[in-house]
Amino acid sequence: MTTTERPRYQLVIDGQRTEAASGQRYDSVDPYLGSAWASAADGDAADVDAAVAAARRALAGEWGKLTGFGRARLMRKLGDLIARDAGRLAEIETRDTGKLLREMRGQLGSIPEWFYYFSGLADKLEGTTIPGDKPNFLVYTRREPAGVVAAIVPWNSPLLLLCWKLAPALAAGCTMVAKPSDYSPASAVELAALMDEAGFPPGVFNVVTGFGPAVGKALAAHPDVDKVAFTGSTAVGAQVAAAAAQNITGVLLELGGKSAHLVFDDADLDAACNGVLAGVFAATGQTCMAGSRLLVSRTVHDALVEKITERARGIKLGDPKAADTEMGPVATEPQYRKVLSFLDGASAEGATVAAGGAPAADLGGFFVQPTVLTGVKPTMTVACEEVFGPVLSVIGFDTEEEALALANDTRYGLAGAVWTKDIHRGHRVAHAMRTGTVWINAYRVVGPDVPFGGYGLSGLGRENGIEAVHEYTVTKAIWVELTGGTRDPFTIG
Ligand code: NAD
């Protein structure tokens, strides 16, 4: 592809496509080919100011005057348009991220459901009337839009994670400035075109792309942003929260994880093996909910590890666009280097490589072999820190108490799974796990209607489900005096 044929993505501000105020652009790299496939405008704080101002104006304009019924109509239309273009958008996401086309087709095909589900809530944002103990007052509440939302998202599921924020924010009546990851700028700009086509007024959805932290920093610290919704690493999430706190701006944080599978001796080992593979090798392990720790009863440890290593060695790596590829490359060069340094560290700390353990250099690009590490101690770096790559750490246990202690011995708390046929133990263990999601005999299932979020370093607040809309509203209490009488000005109430 020559430079002139490459897509050139511009900023979207107030419905206009513009270059960055600085005039700078940067290349977006196809991780499979290791070469540029598109370029994007390299925005900065000046562009953020313009986008936030546009989003503020849109709140006061035609969009702000729509009822929930009107917003729901536009959202349903947008869902239809995303469904129409899901195949094209999936190809774009695969170019930007190196994720499997077959996974991205499924993922993009599911995004309309987020707009349909949340459109169903847009016209049901009811307040309450409060009976109270003051008969001379009618008191009621209203759920009002939080206002301008800054959405800062990562590269691993770019459009899906953006829409987890956009759909409930639109239902609530908010406007948005989106900052896609430096490494996956394309799909957010494409989404803006579909929003124009659906009939959303200019300024409701703005996109500021940019390389490096400048755009995200400016958004998190912006005094005219009312809510910051961030998905990304825990380290950056903490910086975002600190910046937002200077303006007492609310934050929704979806951060990293170190999720565990707890496999008990009565588990269906074939099902558990599949679940473990889905948890840590699907998407090349680049998911926040990666099941990167396998805690397994010592009585079935060897049998399960044998199944997993056999399957891991047979995973087909290659072109993410090919129908038979099961694992694509790691998405960025820095991430690729980070995964390899975890592998070096694990060997140095004494873990045993049962499968993989090295780059798949013959494939070019940023490929890492699916890796299973046994003999891992809970204190080893690879067992404590998020790898964000295809690396499984296996740790044995003898009792349920030990399994739970190991599972909860982490400052993260995003997700996890219990594998057992004992219904009592399944629920008991699920209740005792300090994670936002627990699957029993399953892994990596999400939906627009089910709350998702973390304990501890994994985040703050919940996306999806009815709670997600409430994240984007503020409650106002209204007191109406009913008698017209006067009162003593020097007493309260
Ligand atoms: P990242 O934290 O490096 O970047 C996330 C976003 O923040 C990007 O858009 C980036 O440009 C921006 N950013 C970078 N520095 C910033 C700063 N100082 N201020 C404001 N914004 C800044 O994360 P990543 O590497 O793109 O994504 C991987 C991480 O995301 C992993 O830790 C993963 O677990 C997490 N993640 C979490 C969830 C979840 O729902 N909990 C989902 C997917 C990914």
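Since we're looking at a predicted model, the values are computed, not measured.

**Considerations on the pairing of strand 5 (residues 35–41)**
Alright, step 1. Of all the seven residues making up strand 5, six are buried; the element is thus mostly covered by neighbouring parts of the structure.
Alright, step 2. In this sheet, strand 5 lies alongside strand 1 (residues 8–9) in parallel orientation, the contact comprising two bridges. By the bridge assignment, Arg 8 is partnered in strand 5 with Ser 39.
Alright, step 3. Pairing geometry for strand 4 (residues 25–30) and strand 5, over six bridges, is antiparallel. Across the sheet, the residue bridging to Arg 25 is Ala 41, located in strand 5.
Alright, step 4. Here strand 4 hands over to strand 5 after four residues, with Gly 34 in that stretch at a positive phi of 70 degrees.

**A look at the sheet that holds strand 1**
Alright, step 1. With mixed pairing, three strands are arranged side by side in an open sheet as 1-5-4. Whereas interior strands pair on both sides, the edge strands pair on one side only; in this sheet they are strand 1 and strand 4.

**Looking at the packing of helix 13 (residues 400–408) against helix 14 (residues 423–432)**
Alright, step 1. Two elements in contact, helix 13 and helix 14, have axes separated by 10 Å at closest approach and are oriented at 35 degrees. Pair helix 13 / helix 14 crosses with right-handed handedness. Mapping the contact onto sequence places Glu 400, Leu 404 and Asn 408 in helix 13 and Arg 425, Arg 428, Val 429 and Ala 432 in helix 14.
Alright, step 2. Among the residues making up the contact of helix 13 with helix 14, the classes are represented as three nonpolar, one polar and three charged.

**Digging into the pairing of strand 14 (residues 293–297)**
Alright, step 1. Here strand 14 lies mainly inside the structure; five of its five residues are buried.
Alright, step 2. Of the two faces of strand 14, both are covered, the one formed by Arg 293, Leu 295 and Ser 297 as well as the one formed by Leu 294 and Val 296.
Alright, step 3. Sheet analysis places strand 13 (residues 260–263) next to strand 14, joined by four bridges and oriented parallel. If you follow Val 263 over to strand 14, its bridge partner there is Val 296.

**Let's talk about the domain arrangement of the protein chain**
Accessible area lost on assembly of the parts is the figure often given for the size of an interface.
Alright, step 1. Here the protein chain is described as being made up of domain 1 (3–254 + 463–477) and domain 2 (260–440).
Alright, step 2. Domain 1 and domain 2 are separated by 31 Å when their C-alpha centres are compared.
Alright, step 3. Carbon and sulfur atoms make up 64% of the surface buried where domain 1 meets domain 2, a total of about 1,700 Å² over both sides.
Alright, step 4. In terms of surface lost to domain 2, no three residues of domain 1 exceed Tyr 32, Leu 100 and Trp 155, which account for 35% of the buried area on that side.
Alright, step 5. Where domain 1 meets domain 2, there are zero salt bridges.
Alright, step 6. Counting every contact that joins domain 1 to domain 2 gives four residue pairs in polar contact (both at pLDDT 80 or more).
Alright, step 7. Within the residue set of the side of domain 1 that touches domain 2, elements represented by two or more residues are helix 3 (68–97) and helix 4 (101–122).
Alright, step 8. Each residue belonging to the side of domain 1 that touches domain 2 can be placed in one class, and the counts come to six nonpolar, five polar and six charged.

**Looking at the site of the ligand**
Alright, step 1. Taken together, 28 residues lie near the ligand, and Val 153, Asp 182, Ser 233, Leu 255 and Glu 386 sit nearest.
Alright, step 2. Side-chain polar atom of Gln 239 to a nitrogen atom of the ligand: 3.0 Å apart, as the coordinates give it.
Alright, step 3. Taken by itself the ligand offers 850 Å² of open surface, and the protein chains cover 90% of this.
Alright, step 4. More than half of the atoms belonging to the ligand lie within 2 Å of the grid points that define the largest pocket.
Alright, step 5. Of all the elements in the fold, those that place two or more residues in the shell around the ligand are helix 7 (214–220), strand 11 (227–231) and helix 8 (234–245).
Alright, step 6. Of the residues forming the shell around the ligand, the biggest block, three residues, is contributed by helix 8.
Alright, step 7. Looking at the shell around the ligand, its residues break down into 15 nonpolar, eight polar and five charged.
Alright, step 8. Structurally, the shell around the ligand is a two-domain feature, drawing no fewer than three residues from each of domain 1 (3–254 + 463–477) and domain 2 (260–440).

Conventions we followed
Residues numbered from 1 in each chain as written. Predicted model: local features only at pLDDT ≥ 70, side-chain atom pairs only at ≥ 80, totals over all residues. Heavy atoms only, no water. Buried < 20%, exposed > 50% of the residue type's maximum accessible area, 1.4 Å probe, protein only. Helix = DSSP H or I, 4+ residues; strand = E, 2+ residues; numbered from the N terminus. Pairing = 2+ DSSP bridges. Axes fitted to C-alpha atoms, helices over the stretch in contact; angles between N-to-C directions. Left-handed = near helix turned anticlockwise from the far one by under 90°. Contact = heavy atoms within 4.5 Å. Nonpolar A, V, L, I, M, F, W, Y, C, P; charged D, E, K, R; others polar. Domains from an automatic or database assignment. Buried area = accessible area lost by both parts, 1.4 Å probe. Salt bridge = Lys/Arg side-chain N within 4 Å of Asp/Glu carboxyl O. Polar contact = N/O pair within 3.5 Å; in protein donor to acceptor, adjacent residues only side chain to side chain. Near = heavy atom within 4 Å. Areas by Shrake-Rupley, 256 points an atom, 1.4 Å probe, with all protein chains shown as cover. 1 Å grid on protein atoms, 1.4 Å probe; cavity = no way out; pocket = protein on both sides within 12 Å on 5 of 7 lines; lining within 4 Å. Sits in = over half its atoms within 2 Å of the grid points.

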